[in-house]
Amino acid sequence: MEKENNTFAGKVDKSQIPVCNIMGVNIAAIDMDWLLRFTQENIQALAGDYMCVANVHTTVCAYEDAAYCAVQNGGIMAIPDGGPLSAIGRKRGYSAMRRTTGPSYLEEILKISAQKGYRHYFYGSTPETLEKLEQVLHEKYPGISLAGMYSPPFRPATPEEDAAIIRRINDTKPDFVWVGLGAPKQEQWMAAHQGKINGFMVGVGAGFDYLAGNIQRAPEWMQKCSMEWFYRFMQDPKRLFYRYFHTNTKFIWNAYLRGK
């Protein structure tokens, strides 16, 4: 899917973000502390832009699809959600690069939201999950400001529906628009709405399900050892076997062995 909005001029200078190009994708060579500081310093200027959460799967998909690669590189940055990405980055000289996951970033932002006055919009998933998510957010983060939630239909929106969705989101004046559609759909949606949505769009994949309690996240020691993918695989082996076998093999061959 090509980006529909090619005239958006971001307000934040991307040259200040260190990146490591891995298989054509400019992965931010950062850690969580850097990302949180950057967000707080630039949140108003980030309105209308988007951030991808990159892992081995999305990186291999971008390597094989030029249009999707343009989407990955078209936002403010793509953060290294997958441990192998940060490991490659450190191997290539970016010593400060660490795994920076979308769900962890979401939770870190939520922790400071009441103090900072951040407003949040959640776009994606199912009505049932959003209902559970709303309850959890109010319980876990007292004083959280929820601008709104919306579960889109599981089909392409008509131009009229899309215009209504944009108005619906913008009318709530969010600081963050969290997008949980899964890859590659969430990145494509954010790219198509770059400059149209008046909030900072972040694709967090399964982040909604983690917070709502639909999916249990891996223990912290597995996260630190870059084994969270294996924990997810054990929860849903039928669906994830081909993805992991296909993308992991290609990633090892191209990124590790060929130096792409």
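In the block above lies the structure referred to throughout.
**Here's the deal with the overall build of the chain**
And then number 1: If you tally the helices and strands in the chain, you get 12 helices and 8 strands.
And then number 2: Among the 260 residues that make up the chain, the fraction classed as buried is 50%.
And then number 3: A separation of at least 24 residues holds for 73% of the contacts in the chain among residues at least 6 apart in sequence.
And then number 4: Looking at the chain as shown, the accessible area adds up to about 12,300 Å², and 53% of this sits on carbon and sulfur atoms.

**Section: helix α5 (residues 102-116)**
In an α-helix, one turn spans 3.6 residues, which is why side chains three or four residues apart end up on the same side.
And then number 1: Taking 1.5 Å of rise per residue, the 15 residues of α5 would be expected to cover 21 Å, and the 20 Å separating its terminal C-alpha atoms lies within 8% of that figure.
And then number 2: The sharpest bend along α5 comes to roughly 30 degrees, located at L110.
And then number 3: Taken as a whole, α5 has its buried residues at G102, P103, Y105, L106, I109, L110, I112 and S113.
And then number 4: Two residues or fewer after α5 comes G117, characterised by a positive phi angle close to 75 degrees.

**A few points about the nonpolar core**
If you look at soluble globular proteins, the nonpolar side chains tend to sit buried side by side.
And then number 1: The biggest cluster of nonpolar side chains holds 37 residues, and the ones touching the most others in it are M77, Y105, F122 and W178.
And then number 2: The next biggest cluster of nonpolar side chains, apart from the first, holds 35 residues, and it includes I27, Y123, I166 and V177.

**Let's talk about helix α4 (residues 83-91)**
And then number 1: Looking at α4, one finds that the buried residues are G83, L85, S86, I88 and G89.
And then number 2: Phi turns positive one or two residues past the end of α4, at G93, with a value near 105 degrees.

**A short note on the packing of aromatic side chains**
And then number 1: Enumeration over the complete set of coordinates arrives at 9 aromatic pairs.
And then number 2: An angle of 75 degrees between the planes, with centres 5.2 Å apart, marks the rings of Y118 and F176 as edge-to-face. Remark: F176 occurs in strand β7 (residues 176-180) and Y118 occurs in the loop between α5 and β5 (119-124); sequence separation between them is 58 residues.
And then number 3: We classify Y118 as buried; its relative accessible area is 6%.
And then number 4: Both rings, one in Y123 and one in W189, keep their centres 4.3 Å apart while their planes meet at 20 degrees; by these two values the pair is stacked. Of the two residues, Y123 is situated in strand β5 and W189 in helix α8 (residues 185-192); the sequence distance between them amounts to 66 residues. Across the pair, W189 and Y123 agree in class, each one buried.
And then number 5: An aromatic cluster is built from Y105, Y118, F176, W178 and F200, whose rings are joined through pairwise contacts.

**Here's the deal with the side chain of S125**
And then number 1: The topology assignment puts S125 in the loop between β5 and α6 (127-140).
And then number 2: Contacts of S125, omitting those with residues within four sequence positions, involve S151, P152, F154, G180, F208 and D209.

**Comments concerning the pattern of salt bridges**
And then number 1: Applying the stated rule across the entire model yields 4 salt bridges.
And then number 2: Salt-bridge contacts for E64 lead to K250; the nearest nitrogen and oxygen are separated by 2.4 Å. Of this pair, E64 sits in helix α2 (residues 56-64) while K250 sits in helix α12 (residues 237-257), and the two are 186 residues apart along the sequence.
And then number 3: A relative accessible area of 33% means that K250 is categorised as partly exposed.
And then number 4: Between K140 and E107 there is a salt bridge whose closest N-O contact spans 3.1 Å. Taken together, the residues K140 in helix α6 and E107 in helix α5 connect sequence positions 33 residues apart.
And then number 5: Judged by its relative accessible area of 46%, K140 falls in the partly exposed class.

**Some thoughts on the pairing of strand β4 (residues 77-80)**
And then number 1: With burial as the criterion, each face of β4 is covered, one bearing M77 and I79 and the other bearing A78 and P80.
And then number 2: Summarising the sheet, strand β3 (residues 50-54) and β4 pair through 4 bridges and their orientation is parallel. By the bridge assignment, C52 is partnered in β4 with A78.

**Looking at unusual backbone geometry**
Negative phi values dominate among residues other than glycine, just as trans dominates among peptide bonds.
And then number 1: Residue P184 is reached from A183 by a cis peptide bond, and omega for that bond is 5 degrees.
And then number 2: Here P184 shows up in the loop between β7 and α8.
And then number 3: Unusually for a residue other than glycine, M23 sits at a positive phi of about 55 degrees.
And then number 4: With respect to the helices and strands, the residue M23 is situated in the loop between β1 (19-22) and β2 (25-28).
And then number 5: Positioned with a positive phi, S125 is a non-glycine residue whose angle comes to about 60 degrees.
And then number 6: Overall, S125 belongs to the buried group, its relative accessible area being 15%.

Conventions used here
Residues numbered from 1 in each chain as written. Predicted model: local features only at pLDDT ≥ 70, side-chain atom pairs only at ≥ 80, totals over all residues. Heavy atoms only, no water. Helix = DSSP H or I, 4+ residues; strand = E, 2+ residues; numbered from the N terminus. Buried < 20%, exposed > 50% of the residue type's maximum accessible area, 1.4 Å probe, protein only. Contact = heavy atoms within 4.5 Å. Areas by Shrake-Rupley, 256 points an atom, 1.4 Å probe, with all protein chains shown as cover. Expected span 1.5 Å × (residues − 1). Bend = angle between axes of the 7 residues up to and from the residue. Core = buried A, V, L, I, M, F, W, Y, C linked by side-chain atoms within 4.5 Å. Phe/Tyr/Trp six-rings, centres within 6.5 Å; stacked < 30°, edge-to-face > 60°. Salt bridge = Lys/Arg side-chain N within 4 Å of Asp/Glu carboxyl O. Pairing = 2+ DSSP bridges.

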